[in-house]
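# Structural overview
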Amino acid sequence: MLRDAIVSALRFAATSVPREVEGALHEARDREEGTAREELSAILENLEVARRQGAPLCQDTGVPAFHVRAGASSPHLPVLREAILGAVAEATRSVPLRPNAVHPLTGVNSGTNLGWGVPIVRWEVVDGDEVLITLSLKGGGSENQSALRMLSPGAGLAGVKRAVVEHVISAGGAPCPPTVIGVGIGGGAAVALTLAEQALLRRLGERNVDPALAALEEELLSLVNETGVGPMGLGGRTTALDVRVEAAFRHPASLPVGILLQCWAVRRAWVRLRAGGSIEVS
Amino acid sequence: MREIVLPVPEEEVRALRVGERFVLTGRLFTARDAGHARIVRDLDRGHALPFAPVPDTVYHCGPLVERSGDGWRVLSAGPTSSVRLEPFAPRLVRDLGLRILIGKGGMGEGTREALRERGAIYAHATGGAGALAARGIERVESVFWLEEFGMPEAVWILRVCRFGPLLVAIDSHGGSLYEEAARSTDTTRQAILSRIEEER
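These figures come from a predicted structure and were not determined experimentally.

A separate point is the overall build of chain A. Secondary structure assignment for chain A yields eight helices and nine strands. For 282 residues, the compact-globule estimate of 2.2 N^0.38 gives 19 Å, and the C-alpha radius of gyration of chain A, at 19 Å, lies within 12% of that figure. By residue count, 50% of the 282 residues in chain A fall in the buried class. In chain A, once contacts between residues fewer than 6 apart in sequence are set aside, the share between residues at least 24 apart is 79%.

Right under this line is the structure:
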């Protein structure tokens, strides 16, 4: 039953984008003209076709990633892992998802989306007896445009802004803009990238609770949209739909910045599993 | 919108300029990293490609395909990032006589030169718009190297009908939308960065 719920969440994620993302794409289309407008129109028409046909909106259904917030006293913890792996194999057949798991050295495709380390499952233990699974399908094109910058602390906040702007410009059309940008600051190399990943899990427009970080998000969004990279890198006002920042304290000698770009095809779903066994997919 | 029927003569391709939109009808093949590497290896060894006659149009795409009876059905088939294929593409243009390359994100100098020399173009398809693209794919004619490479990397021979809309992004006269875009972002980049520095 949990497995079936995860399969339907995978189907939902592969064939649609969250409502607020579609809304943001509409707004972007309305303020663009020329090529930028045509690209956004094609994106919106594609969402319509995918919805009507129940087909994956992008052929690259990514490497399924699951972020599990597991309540420490949930009675379902022992079965979660099996349910996730089983659901991925089943969804690969039935949605279908494109088999995207290949051997790291030989490139041989497992055909099932299962393999060493995939699907990606990240665990976070929290208080309570509920489990909330956030699942995400992110294509290889935007994943390839990930960056880690180990800045000198002397570069300061200006250095962080500079790193983000320069990265977005150098990525150009490759990550399928308009993107959602996740920025992680501090912590260390791996932590900065993990923070950027967590930032991407937030809902569109949901600002960081810290006022200084929220202000940085707003500023970065406007800077990035001034670059003119535009939809698909062909020029325009809309390079990103949103920027989210997460931060951790850092070593005084280090200023790590992790930058992840999520393509416009933000594919997400949420599965909530209550202690009593009831399941909610959204 | 202008419709181009494959195979397309050189004069017709030479007449296309960056910024024009068109749709495609006819026979084309998909190839990504593994397909390109294998094609070049076969060319080096003087082996005939298994999918002769080779269509004059390549689509940089790893489609999502499902079995349908004893054939196949394409569910979603948007473009992949073409830049990964830059090491191979000029060779394919010259040795296979390709007229149209379709992908996203643009290609390098080597490909632009080959396109100019041979009278071919690079066309942009909207990234991520896989369901929309699949609507223009009539049927799968055949598939090669499926066992070896798996679904995304295999070479799929497709019949398309009014496939697109596509955008001429690099034409056969050296014009490139990416170069135009890079020039313009270079200017804004300087302006943004100096403002960031001033606020320091």
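Looking now at helix 3 (residues 89-96) of chain B. Residue and element names in this part refer to chain B. Listing the buried residues of helix 3 in full gives Ala-89, Pro-90, Leu-92 and Val-93. Taken down its axis, helix 3 places every buried residue within 165 degrees of arc, on the same side. In the core, the buried residues of helix 3 are packed alongside helix 2 (33-44), strand 3 (57-59), strand 6 (100-103) and helix 4 (109-118). Directly beyond the C-terminal end of helix 3, a positive phi value near 65 degrees is found at Gly-97.

We now examine the sheet that holds strand 4 (residues 147-151) of chain A. Residue and element names in this part refer to chain A. Pairing within the open sheet is mixed, and its four strands lie in the order 4-7-5-6. Edge positions in the sheet fall to strand 4 and strand 6 (240-247), since each of these pairs with one other strand and no more. The mean angle between the axes of side-by-side strands here comes to 15 degrees, regardless of whether they run parallel or antiparallel. In this sheet, strand 7 (residues 255-262) lies alongside strand 4 in antiparallel orientation, the contact comprising five bridges. Within strand 7, the position partnered with Arg-149 by the bridge is Val-257.

Let's shift gears to the packing of helix 6 (residues 156-171) of chain A against helix 7 (residues 177-198) of chain B. Running from N to C, helix 6 of chain A and helix 7 of chain B point in directions that differ by 175 degrees, and their axes come no closer than 10 Å. Between helix 6 of chain A and helix 7 of chain B, the crossing angle belongs to the class labelled roughly antiparallel. Where helix 6 of chain A approaches helix 7 of chain B, its residues A:Ala158, A:Lys161, A:Arg162, A:Val165 and A:Ile169 are matched on the opposing element by B:Thr185, B:Arg189, B:Ile192, B:Leu193, B:Ile196 and B:Glu197. For the contact of helix 6 of chain A with helix 7 of chain B, the per-class residue count stands at six nonpolar, one polar and four charged.

The next subject is the domain arrangement of chain A. Residues and elements named next belong to chain A. Annotation of chain A at the domain level lists domain 1 (2-12 + 57-139 + 267-281) and domain 2 (141-262). If you average the C-alpha positions of domain 1 and of domain 2, the two centres end up 26 Å apart. Each side of the interface is counted separately: domain 1 has five residues, and domain 2 has five residues. Classifying every residue of the side of domain 1 that touches domain 2 by side-chain character gives no nonpolar, three polar and two charged.

Right, let's talk about the interface of chain A and chain B for a bit. Contacts between the two partners involve 45 residues from chain A, matched on the other side by 39 residues from chain B. Put simply, the parts of the chain that give the side of chain A that touches chain B at least two residues each are helix 3 (34-53), helix 6 and helix 8 (211-226) of chain A. The element best represented in the side of chain A that touches chain B is helix 3 of chain A, accounting for eight residues. Per-class residue counts for the side of chain A that touches chain B are 23 nonpolar, 16 polar and six charged.

Counting residues in hydrophobic clusters, the biggest one holds 114 residues, and the most contacted among them are A:Val164, A:Val183, A:Ala196, A:Val224, B:Ile121, B:Ala123 and B:Ala169. Broken down by element, the residue count for this core peaks at 10 residues, all from strand 9 (residues 155-170) of chain B. Aside from chain neighbours lying at most four places away, what touches A:Val164 is A:Val183, A:Leu220, A:Val224 and A:Ile259. Ranked by size, the runner-up nonpolar core spans 25 residues in total, among them A:Leu10, A:Leu80, A:Val271 and A:Leu273.

Before going further, it helps to examine the confidence of the model for chain B. Overall, the predicted model of chain B reaches an average pLDDT of 96, with 100% of residues at or above 70. We note a pTM of 0.95 for the whole complex and an ipTM of 0.94 for its interfaces.

The next thing to look at is the environment of A:Ser41. Residue placement: A:Ser41 occurs in helix 3. Sequence separation between A:Ser41 and A:Gln59 is 18 residues; the distance between their C-alpha atoms is 19 Å.

Consecutive side chains along a regular strand alternate between the two faces of the sheet. By the criterion of burial, strand 7 of chain A is predominantly enclosed, with eight of the eight residues buried. Residues A:Leu255, A:Val257, A:Ile259 and A:Leu261 point to one face of strand 7 of chain A and A:Pro256, A:Gly258, A:Leu260 and A:Gln262 to the other, with burial holding for every one of them.

Moving on: the sheet that holds strand 2 (residues 120-126) of chain A. All names here are of chain A. Ordered by their spatial adjacency, five strands build an open sheet running 2-1-3-8-9, and the pairing between neighbours is mixed. One side of each edge strand has no neighbouring strand; the edge strands of this open sheet are strand 2 and strand 9 (279-281). The mean inter-strand angle of the sheet, taken between neighbouring strand axes irrespective of direction, is 15 degrees. For strand 8 (residues 267-273) and strand 9, the ladder comprises three bridges, and the chain directions are antiparallel. When the bridges of strand 9 are listed, Arg-272 appears paired with Glu-280. Taken strand by strand, helix 1 (residues 2-15) contacts strand 3 (131-137), strand 8 and strand 9, and its axis lies near 155 degrees from that of strand 8. Strands in contact with helix 4 (residues 77-94) are strand 1 (65-71), strand 2 and strand 3; relative to strand 1, the strand with the most contacts, it is inclined by about 170 degrees.

Criteria and cut-off values
- Residues numbered from 1 in each chain as written.
- Chains lettered and ligands numbered in written order.
- Predicted model: local features only at pLDDT ≥ 70, side-chain atom pairs only at ≥ 80, totals over all residues.
- Helix = DSSP H or I, 4+ residues; strand = E, 2+ residues; numbered from the N terminus.
- Rg over C-alpha atoms; globule rule 2.2 N^0.38 Å.
- Buried ≥ 20, exposed ≤ 12 C-beta atoms within 10 Å, placed from the backbone.
- Contact = placed C-beta atoms within 7 Å.
- Arc of directions from axis to C-beta.
- Pairing = 2+ DSSP bridges.
- Axes fitted to C-alpha atoms, helices over the stretch in contact; angles between N-to-C directions.
- Parallel < 35°, antiparallel > 145°, perpendicular 65-115°, else oblique.
- Nonpolar A, V, L, I, M, F, W, Y, C, P; charged D, E, K, R; others polar.
- Domains from an automatic or database assignment.
- Core = buried A, V, L, I, M, F, W, Y, C linked by C-beta atoms within 7 Å.
- pLDDT = per-residue confidence, 0-100.

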